Amino acid sequence: MVFKKTVSTLAIATSLISLSACEEQANNHQEAVASEPTVQDAEIFVKEAEAALHESGLALGRASWIQANFITHDTNALVADLDEKYTALGVALAGKAKRFDGLDLPFDVRRKLDSFKLALTLPAPANAEKTRELSQIKASLDSTYSTGKVDMEGKSKTLGGVSSIIASDRNPERLLEAWNGWRKVSAPMKEEFARLTAIANEGARELGYADVGTMWRPNYDMEADAFGAEVDRLWGQVKPLYDALHCHARAKLSDYYGDRVVSDKGAIPAHLLGNMWAQQWGNIYSIVKPEGGDSAYDLTALLEKNGYNARKMSKAADDFFVSMGFDAMPETFWDRSLFTKPADREVACHASAWNLDSKDDIRIKMCMNVTGEDFVTVHHEIGHNIYQRAYNKQDSLYQNGAHDGFHEAIGDMIALSITPDYLQQVGLLDTVPTAEADTAILMRQALEKVAFLPFGLMVDKWRWQVFSGEVTPKDYNDAWWKLREEYQGVKAPNDRPDNAFDPGAKYHIPANVPYMRYFLAHILQFQFHKAACEQAGWEGPLHRCSVYGNKEVGAKFNAMMEMGASKPWPDALEAFTGTRQMDGSSVVAYFAPLKNGWMNRTKTGHVVGKFLDQI
Ligand code: X8Z
Ligand code: ZN
């Protein structure tokens, strides 16, 4: 995998030359050997196929970078073209890998062969026209999202524009207008999304899977059904915490807006939670803050006060990793990354991290604002870069996360160390607040992290239902809102139009990025954080622990990351945490002072966790 945009599972790799060369080599080889393949045949196949994918990665990688930084008709067409070739190569290799299915093989050969079968996020059938159509649809959905505009108040607004209204406005009508406006952008995506689903499912079936979802789930070193049960188990561990937060936030919103806008029973209308998708609720802190809530610092205000800009925020994230013993980002990172939204062209603003040469040409692409939220996000993105560089000595097929949830958890784990002590050390905070501020600090964190959990879970619950055919296009939107209510306790603020396709208003649906990784990352980052704090000998509450400057923790973290995807993920988890299971109890432990203290004492009489119950 030469190129990898970490928001995508697969290492995108393609080139026409290497496709035909590889096919030719594979065909010649097939003719040369008897019909019964040998271990040596498998080894040769894996080596050649891995090299072909690796080499061809450069072309699509560079084209995708240019397209994401300069979206035009032509850059979209170039990416569609290269993506088509990559998909055809991936499908051909996966098909050929099947030949070795029954063979007893060395561990690495088997692991790599299996990875060919699972590598494509969206496989195409072995049909040139459909492969082309799939790549064109992908490019079209992607650019529809990234260039979407909302006509509001006589102006044409970007997602950033309507998102900042949702984040800061408190007028329910204006919030509703921004919320509905952005969903007009996704309505026209529905037909293309349905067609994409049909083609990719056909591709998955040709590779021996029931559907695309059944092909996504075995990416976690376990059977598809076992993985479904695993995420439900993890959700069961953290659900009581979410229910308590939901109950509290709903009561506060109801007090603030009045019962006519928010009832203190049932689901919360989705436009009032400070985020376009109601996935993180930190922007309504001022409404839901606990007593003494102003004793916690406001990170946005601290950054503004101290003259931070996008580069300075990125430098702070880089410095954090350096303090733990990692090399600083290379010069090219600072020269080639995109840090702020350019005024004169269309770019894909959704934040991402890239590795263009599978060595150290690592970059981020963000439309950063000076906010606490983006400060955390830039740690998230640079965390991806740190992981990419840590595993760059691995074979190309192993240059990936232990699983995709690990990749999403690295930078987030570091951001959990942005504590008052740390902020004081780097000169952002004058005095460290006393323990009296803990409830407030934890509430801010819960609004970001705990609120996210059911959203992280339901997005792919929906997609799995769509891929399996349980939900058909006519029910796309209703099924989406059913899951939103069931897991998040969030409802559409008004009737949805017949043509609505609200899932498409969330980046990862038109961009085809699997989403369960973020749910897993929100479990894993707390597991990593707790393990790191234990390694550091920390004995206080977890939300006050920072591993800033701790080189021993850095070395151990690096040892896990260096493994890349070379071993099943429980091995990587064990290397850092000493345990082989994902476990939600670290989330629960982190928030225990909030849940067991203040949140449990307030608002008795409110119905906790009964979102659908309107009584
Ligand atoms: O997509 C992202 C990252 C890029 S991998 C910015 N995240 C999810 C989202 O924005 O929905 C991070 C948190 C969840
Ligand atoms: Zn990410």
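The structure we're discussing is the one just above.
Owing to the predicted nature of the structure, the values given are computational and were not obtained by experimental measurement.

### Comments concerning the site of ligand 1
Right, so step 1: Taken together, 13 residues sit near ligand 1, with His350, Lys506, His508, Tyr515 and Tyr518 positioned nearest.
Right, so step 2: Within the side chain of His350, one N or O atom sits 2.7 Å away from an oxygen atom of ligand 1.
Right, so step 3: Separating an oxygen atom of ligand 1 from a side-chain N or O atom of His508 is a distance of 2.9 Å.
Right, so step 4: For ligand 1, whose accessible area on its own is 370 Å², the fraction buried by protein is 90%.
Right, so step 5: Across the shell around ligand 1, the residue classes break down as five nonpolar, five polar and three charged.

### Quick look at the environment of Tyr590
Right, so step 1: The residue Tyr590 is located in helix α24 (residues 585-601) in this model.
Right, so step 2: C-alpha of Tyr590 to C-alpha of Lys530: the two residues are 60 residues apart in sequence and 8.2 Å apart in space.
Right, so step 3: Polar side-chain contacts of Tyr590 include one of 3.1 Å to the side chain of Gln445.

### Description of the environment of Ala559
Right, so step 1: If you trace the backbone, Ala559 turns up in helix α22 (residues 551-562).
Right, so step 2: Here the alpha-carbon distance between Ala559 and Phe576, two residues 17 residues apart in the chain, equals 7.8 Å.

### Things to note about the coordination of the zinc ion (ligand 2)
Right, so step 1: Protein ligation of the zinc ion (ligand 2) involves His380 (NE2), His384 (NE2) and Glu408 (OE), the donor distances falling in the range 2.0 to 2.1 Å.
Right, so step 2: Around the zinc ion (ligand 2), the four donor atoms sit at angles spanning 91 to 132 degrees, and that spread fits a shape best called tetrahedral.
Right, so step 3: Here the donor residues for the zinc ion (ligand 2) map to a single chain with the spacing H-x3-H-x23-E. Note that His384 is positioned in helix α15 (residues 372-390) and Glu408 in helix α16 (residues 404-415), a separation of 24 residues in sequence.

Calculation criteria
- Residue positions are given per chain, counting from 1 as you read along its sequence in written order.
- For this description, chains carry letters from A and ligands carry numbers from 1, given in the order in which they are written.
- Thresholds applied to this predicted model are a pLDDT of at least 70 for local features of residues and 80 or more for the giving and counting of side-chain atom pairs; totals over whole chains, interfaces and linings are not thresholded and use all residues.
- Each side-chain value is derived from all of the structure's non-hydrogen atoms; neither hydrogens nor water enter the calculation.
- By convention in these notes, a residue is near a molecule or strand provided one of its non-hydrogen atoms lies within 4 Å of it.
- Residues adjacent in sequence count toward polar contacts only when both atoms are side-chain atoms; beyond that, a polar contact is any pair of N or O atoms within 3.5 Å, and within protein one must be able to donate a hydrogen and the other to accept it.
- Reported accessibility uses the Shrake-Rupley method at a 1.4 Å probe radius. Residues are deemed covered only where the shown protein chains occlude them.
- Each residue is assigned to one of three groups, with Ala, Val, Leu, Ile, Met, Phe, Trp, Tyr, Cys and Pro labelled nonpolar, Asp, Glu, Lys and Arg labelled charged, and all others, Gly among them, labelled polar.
- Secondary structure elements follow DSSP: runs of H or I no shorter than four residues count as helices, runs of E no shorter than two count as strands, and numbering proceeds from the N terminus.
- Water is not among the atoms examined, so metal sites may look incomplete; donors are the N, O and S atoms within 2.8 Å of the metal, or within 3.2 Å for Na, K and Ca.
- Four donors are marked tetrahedral only if all angles between them lie between 85 and 135 degrees, whereas four are marked square planar and six octahedral if opposite donors are more than 155 degrees apart and the other angles lie between 65 and 115; the remainder are marked irregular.

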